[in-house]
Amino acid sequence: MTDFLEGFLDDYFAECDEHLTTIRRGLLALEGSVGRQRPDPVVTEELFRAFHSIKGIAGMVEHRESEQLSHEMESYLRAIREGDARLTTPGIEALIEGARSLEHAIAARRQGDTPPDTSRAVTLLRGLLSESTPAGTVHDTAPAGATPSAQWQCVFTPSPALVSRGVTVDLIRTRLRESGEIINASPIIAADGSVAFRFIFAGALDQATVDAWAADGMTCTALQSDDTDKPIAPSPDLVQAAPGATLSTGHYVRVDLARLDELMRMIGDLVILRVRLTDSITRVEPFVPPADRRVIQEHLIAVERQLRDLREGVMRVRLVRVGEIFRRMPFVVRDLARDTGRKVRVVLTGQDTEIDKFLVERMMDPVLHLVRNAVSHGIESLDERIAAGKPPEGTISLSASASGDIVTLEIADDGCGVDTERILARAAQVGLPVPPNPDEAVLLDLISSPGFSTRDDSDRASGRGFGMAIVRTTVQELGGTIRMTSTPGQGTRFSIDLPLTLAITDALIARVGTHTFAMPQTSVREVIEVDAAAVRAIEGGEVTPYRGGALPVVRLSRILNVPVSAMDRLHAFIVGTGAATTGLLVDRILGQREIVVRSIADPLIRVDGVSGATDLGDGRAVLILDAAAIVRRARVRGTGALPAVKEIA
Amino acid sequence: MTGERPDHFILFLVAGTTYALPTKDVAHIEMVEQITRVPNAPAFVDGVVFSRGQVVPAVSLRARFGFERVPRDIKSRLLVVQAAGRSIGLLADECREFLSIPPSTVHPPGESLAGIAARYIAGVATIGDRLIVLLNLDELLNTQDPILAA
């Protein structure tokens, strides 16, 4: 089996486990509803979805037993949901039996055992549906000449327009009673969250009546006589939709990310327009009487506030729980720990922290890699742990937390810590430059270098061609940073800081020569003033005094190919951490603003060091710089020997 | 150029020569405002501009065709073209004419045009005593160009 399918199966099992948990919980809850006219619709829906999902993914990995069982259970639940079948004691028993078979089938597939016999459960489940669709009682009280069809499903969708004409549910009910008998009435929730009412109605309706009622928001369809549900007792009283609980299932809308991007783009345009408006108003202000001036200012502030709210509202729609990244990890760890003879437990915290959907998708693989690394390189074997006086079971903690516009993901283990000697030896072996007394940032640099891997490629845990190099690149591409701390014998911790969202960000606006550009604030640790005379050229670059040490600096004028200015006082953005700490020299800092990030998509203008462009209100494109890429570029340009990195820490 | 019906083209001037692109490839035409230079972009790219909320490269057709750049003036236009999912701005000296060009008037580029420049040319149309060069957009936007992309 290929690695690809194997990886996919991991996901399949992980997802099944999750759905099975839902199913076990749901079936327990449903047991209490046996015999009731309508079992809890939320639970029914949840179960239906869980089986539906398993069916889908089982089909993809061609796990036929699982697919068939889920299909049968899904069908029964659909019938219950639609009111076409009643939840009976044999019904719940068949579901429990089916779920048990499903669990066995999935476990057998996971362990490579012979699939269990699922035919008994399938037969039981199939039996339910044939029983629960008996012929309906015909309540034919209609005059001769009407359409002979006896039972109808009439769906009434109320609307303000109808209500204003006096067409309400009560009127519909009266109308139906006059024409026959209401067998069942239930509120239903449409996909868009609106509430409609469904009546199962016995009587005779001719086409003219059906057409006339259609104008009043009623859709009447004749039912095959055996489509209706006999066990449901006639219920002339409308069942009220319980707000909250009942509504929740119908209230999720799947939205294409591209549409949200489009919304975000439009809000971006509004933000820019608002800036232009403010500028114009500032220009005409001297000519406006003070009283009017105040009103204009108030309106302007209100617009700004509402824009911010609107922007945040749309951004919130894009946010999903970090738990989406974490939820598979326990399964990955369990399998991997078993394969490598270790005992590992996974502790998750902060799963409810929210982050942009795009970031979640991009971070899935990097987090997976770090977790696999933690198991295979971090956590020691049972014997080693016992010998070291540690609990035999290792712990991997995954945590997420938000602070301002930054979301931090941490992947920590209580294993042996990074093996500095081994990393240095490996680095020397593959020809990477190693500075003396490397700190953790240097070690992270080394293990994140392309071509660095201390284990064989055949190593199942980490040899998937997805190394630390890609982890770091992905994080940087997303505008984030990664740090590593490690204590020998106590464990390793990776911390990844990511921007909460990508589209709008705070940036520092600076000038270099005649060029204006933006630097995302998330990448700037500090801004310092630099005396131009204090910048000294040393081998391979320039440094300036900083906190009693020497800070490597890069002139942005050089990176941007613009003339070097002759200013006495410069400013530096301090970016990067550890060995990569660098000062980016600029002439002047114009201020801090909220900018709308426009991505640069075309290969003609996609250059290293520029992450996007923004409009500061005058219609001009201002480049947004990518600090990490600039620092990388500057280091490549130099001789590679970085100056005095240790002195800055 | 095999169709029988005349095709609609937008005509524009670059260094005295009239060029044409099919109307369907041109999303819109703009006055040229500020262009922001992008460091380390290909030599024929003047920089980036915002066009309807998108960041598009501004390609100097003069530079692309090997002519001297001239300062932009009030007649300069940016033709924003769409090809293969990309949006790209082409800087022309002037652009003010639409024309239907019957396929029968279009000929393959002559021998004299062979060479690098010929790759950008889809054909040459003769209408009356006017010569109109029909451009091959795909070649024009190719970043893999061994000579000009450097």
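Residues numbered from 1 in each chain as written. Chains lettered and ligands numbered in written order. Predicted model: local features only at pLDDT ≥ 70, side-chain atom pairs only at ≥ 80, totals over all residues. Heavy atoms only, no water.

K.L.:
Is there a simple way to explain the overall build of chain A in this structure?
P.N.:
From N to C terminus, chain A includes 20 helices and 22 strands. Classification of the 649 residues of chain A by burial places 45% in the buried group. Looking at chain A alone, contacts between residues at least 24 apart form 70% of all its contacts between residues at least 6 apart. Looking at chain A as shown, the accessible area adds up to about 31,500 Å², and 53% of this sits on carbon and sulfur atoms. (Helix = DSSP H or I, 4+ residues; strand = E, 2+ residues; numbered from the N terminus. Buried < 20%, exposed > 50% of the residue type's maximum accessible area, 1.4 Å probe, protein only. Contact = heavy atoms within 4.5 Å. Areas by Shrake-Rupley, 256 points an atom, 1.4 Å probe, with all protein chains shown as cover.)

K.L.:
I'm lost on the overall build of chain B in this one. Help?
P.N.:
Within chain B, the regular secondary structure consists of two helices and eleven strands. Ordered by position from N to C terminus, the α and β elements of chain B give β-β-β-β-β-α-β-β-β-β-β-β-α. Going through the 150 residues of chain B one by one, you find that 49% of them count as buried. Taking the contacts inside chain B whose residues are at least 6 apart along the sequence as the reference set, 56% of them involve residues at least 24 apart. As displayed, chain B has an accessible area near 7,600 Å², and 53% of this comes from carbon and sulfur atoms.

K.L.:
Is there a simple way to explain the packing of aromatic side chains in this structure?
P.N.:
Remark: the centre distance and the inter-plane angle together describe each pair of aromatic rings, the angle taken between the planes. Residue and element names in this part refer to chain B. Counted by the stated rule, this structure contains four aromatic pairs over all chains. Aromatic pair Phe65 and Tyr120: ring centres 6.0 Å apart, planes at 40°, arrangement tilted. Taken as a pair, Phe65 in the loop between helix H1 (61-64) and strand E6 (77-83) and Tyr120 in the loop between strand E9 (106-107) and strand E10 (121-127) lie far apart in primary sequence, 55 residues in all. As far as burial versus exposure is concerned, Phe65 and Tyr120 are alike and both buried. (Phe/Tyr/Trp six-rings, centres within 6.5 Å; stacked < 30°, edge-to-face > 60°.)

K.L.:
Explain the environment of Val475 of chain A to me, please; I cannot follow it from the model alone.
P.N.:
Residues and elements named next belong to chain A. Assignment of secondary structure puts Val475 in helix H18 (residues 468-477). Put simply, Val475 and Met363 are 112 residues apart on the chain and 7.6 Å apart in space, counted from C-alpha to C-alpha. Apart from the residues within four sequence positions on either side, Val475 is in contact with Met363, Gly480, Thr481, Ile482, Ile496 and Leu498.

K.L.:
Honestly, the pattern of salt bridges in this entry has me stumped. Any pointers?
P.N.:
All names here are of chain A. Evaluation of the coordinates by the stated rule reveals 36 salt bridges over all chains. Two residues, Arg472 and Asp445, come together in a salt bridge whose shortest N-O distance is 2.6 Å. With Arg472 in helix H18 and Asp445 in helix H17 (residues 440-447), this residue pair connects regions lying 27 residues apart in the sequence. Residue classification places Asp445 among the buried positions, given a relative accessible area of 18%. Linking Asp497 and Arg483 is a salt bridge whose minimum nitrogen-to-oxygen distance equals 3.0 Å. Pair noted here: Asp497 is in strand E11 (residues 491-499) and Arg483 is in strand E10 (residues 481-487), with a separation of 14 residues, a long-range link. In this structure, a network of salt bridges that share partners links the residues Glu45, Arg49, Arg81 and Glu82. (Salt bridge = Lys/Arg side-chain N within 4 Å of Asp/Glu carboxyl O.)

K.L.:
Is there a simple way to explain the sheet that holds strand E3 (residues 26-31) of chain B in this structure?
P.N.:
Within a sheet, each strand pairs with its neighbour through backbone hydrogen bonds, oriented either parallel or antiparallel. All names here are of chain B. Taken in spatial order, the five strands of this open sheet run E3-E6-E7-E5-E4, and their pairing is mixed. Across the chains shown, the open sheet's two edge strands, defined by having one partner strand only, are E3 and strand E4 (45-51). Across the sheet, the mean angle from the axis of one strand to that of its neighbour is 30°, orientation sign disregarded. (Pairing = 2+ DSSP bridges. Axes fitted to C-alpha atoms, helices over the stretch in contact; angles between N-to-C directions.)

K.L.:
Would you explain the interface of chain A and chain B in this entry?
P.N.:
A common way to express how large an interface is: the accessible area buried when the components associate. If you look at the interface, chain A gives 23 residues, while chain B gives 24 residues. In total, chain A and chain B occlude about 2,000 Å² of area from one another, counting both sides; carbon and sulfur atoms represent 64% of this. Where chain A meets chain B, there are one salt bridge. A salt bridge links Asp602 of chain A to Arg86 of chain B, with the nearest nitrogen and oxygen atoms 2.6 Å apart. It is strand E21 (residues 610-615) of chain A that contributes the most residues to the side of chain A that touches chain B, three residues altogether. Grouping the amino acids of the side of chain A that touches chain B by side-chain chemistry returns eleven nonpolar, five polar and seven charged. (Buried area = accessible area lost by both parts, 1.4 Å probe. Nonpolar A, V, L, I, M, F, W, Y, C, P; charged D, E, K, R; others polar.)

K.L.:
Honestly, the nonpolar core in this entry has me stumped. Any pointers?
P.N.:
Note on soluble globular proteins: their nonpolar side chains tend to be buried together. Counting 60 residues, the largest nonpolar core has Phe517, Leu556, Phe573 and Leu584 of chain A together with Phe12 and Leu90 of chain B as its most contacted members. No other element matches helix H20 (residues 627-637) of chain A, which puts four residues into this core. Dropping the residues within four chain positions of it, Phe573 of chain A is found in contact with Leu508, Ala510, Phe517, Met519, Val524, Glu526, Val527, Thr582, Gly583, Leu584, Val586 and Ile589 of chain A. (Core = buried A, V, L, I, M, F, W, Y, C linked by side-chain atoms within 4.5 Å.)

K.L.:
For this particular structure, what's the right way to read the pairing of strand E16 (residues 541-546) of chain A?
P.N.:
If a strand is regular, its side chains alternate between the two faces of the sheet. Residue and element names in this part refer to chain A. Where strand E15 (residues 536-538) lies against E16, three bridges are found, and the strand directions are antiparallel. Its bridge partner being in E16, Ala537 is matched across the sheet by Glu542. Remark: two residues form the turn of the hairpin made by E15 and E16, two consecutive strands paired antiparallel; Gly540 in that turn has positive phi of roughly 80°. Bridge count between E16 and strand E17 (residues 549-555): five bridges; the pairing is antiparallel.

K.L.:
Help me out: how do you make sense of the sheet that holds strand E19 (residues 582-586) of chain A in this one?
P.N.:
Residues and elements named next belong to chain A. Taken together, six strands build an open sheet; the order of strands is E14-E18-E19-E17-E16-E15 and the sheet is mixed. Here the strands that pair on one side only, and so sit at the sheet edges, are strand E14 (524-531) and E15. Taking the axes of each pair of neighbouring strands and ignoring which way they run, one obtains an average angle of 40° across the sheet.

K.L.:
What is the right way to look at unusual backbone geometry in this model?
P.N.:
Excluding glycine, a negative phi dihedral is what most residues carry, and trans is how most peptide bonds are arranged. Within the chain, Arg547 of chain A stands out as a residue other than glycine whose phi angle is a positive 45°. Tracing the backbone shows Arg547 of chain A in the loop between E16 and E17. Of the residues examined, Arg547 of chain A reaches a relative accessible area of 59% and is grouped as exposed. Residue Asn40 of chain B is not a glycine yet carries a positive backbone phi of 65°. Inspection of the secondary structure assignment puts Asn40 of chain B in the loop between E3 and E4. On the basis of relative accessible area, Asn40 of chain B is assigned to the partly exposed category, the value being 37%.

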